[in-house]
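# Fold and geometry: a report
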Amino acid sequence: MAVHLSKPPKPLRLVRKEGSVRGVRWRSAEERREAKRKIETIRRKAEEERLQLGLRLDAAVLKSPKTVVGLLMLLLFVGAGLTLAIRNPSKTILQKTTPLNQLRARRSVATVAKAMALFRIHTGSWPQQRLGLFALAKNYHVPGWKGPYINWAYKDPWGTPYVYRMPTSPFEAPVLFSCGPDGLPDTNDDIRAVETDFACGEGDWHRPPEPEIPAADQPE
């Protein structure tokens, strides 16, 4: 029986056309720009669909019963905590009231009182109310000032500024105190300076300093 073999396939021939290399046609500049525009349009549509899908998912999460119940429970716990803090503030104040903070406040008040006494002895008056304790750390052109008398913060251990009030008489001690743990002035937990705290070793603050007599005017 004779076997007839098929003819071998003809080899492929690359036909060179105008504007092409090895049968691959180059794109013109206009076609490349058009392709970029199409790709950018597809990308924008995909981004818009993604954003819309995200918004739909967020709305679905907010409408979920589990999310609503969780938010309500959180608000309930926060409201209960605020109610307990308002009805029983002494517990919160007790947590802030430590012997160390009270001791620090007492020592700070005494230190400021001595500094104010030195200010009184050197200048003949107490610090002005508008300057307060800042007059002890910076010279505001006060005659006789020899400070700084203090160089630390002006707040007590609980973060509240010290209260200073000028006396009604130059022969009385000023009002100086820490507001204590509750941060409120004129309450039972205030840590106040007493008159003995204003005592210092450089003179008596009850009397203003005597004016210095020039050497030429001193009697012989």
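So, here is what we can say about the structure in this document. Here the structure is a predicted model, which is why all the values come from computation and not from measurement. (Residues numbered from 1 in each chain as written. Predicted model: local features only at pLDDT ≥ 70, side-chain atom pairs only at ≥ 80, totals over all residues. Heavy atoms only, no water.)

This next bit is on the sheet that holds strand E4 (residues 175-178). Strand order in the open sheet formed by three strands is E3-E4-E5, with antiparallel pairing between adjacent strands. The strands lining the two open edges of the sheet, one partner per strand, are strand E3 (163-165) and strand E5 (191-192). Two strands pair when backbone bridges link them, and E4 and E5 are joined in this way by two bridges, in the antiparallel orientation. Its bridge partner lying in E5, Ser178 is registered against Ile191. Of the strands in this sheet, E3, E4 and E5 touch helix H4 (residues 99-123), which is tilted by about 155° from E4. (Pairing = 2+ DSSP bridges. Helix = DSSP H or I, 4+ residues; strand = E, 2+ residues; numbered from the N terminus. Contact = heavy atoms within 4.5 Å. Axes fitted to C-alpha atoms, helices over the stretch in contact; angles between N-to-C directions.)

In this section: the nonpolar core. Met116, Leu133, Leu136, Tyr149, Leu176 and Phe198 are the most contacted members of the largest nonpolar core, which totals 23 residues. Per-element tally for this core: the top contributor is H4, with nine residues. Excluding anything up to four places from it in sequence, Phe198 contacts Ala113, Met116, Ala117, Trp126, Ala173, Pro174, Ala193 and Trp205. (Core = buried A, V, L, I, M, F, W, Y, C linked by side-chain atoms within 4.5 Å. Buried < 20%, exposed > 50% of the residue type's maximum accessible area, 1.4 Å probe, protein only.)

Let's shift gears to the pattern of salt bridges. Applying the stated criterion to the full structure yields eight salt bridges. The partner of Glu40 in a salt bridge is Arg43, with the nearest N and O atoms 3.8 Å apart. A residue pair is termed a helical-turn pair when its members lie 3 or 4 positions apart in one helix, as Glu40 and Arg43 do in helix H1 (residues 29-62) at three residues. Given the relative accessible area of 53%, Arg43 is considered exposed. A cluster of three or more residues bridged by salt bridges with shared partners is formed by Glu30, Arg33, Glu34 and Arg37. (Salt bridge = Lys/Arg side-chain N within 4 Å of Asp/Glu carboxyl O.)

Everything listed is a geometric property; what it means functionally is a separate question.
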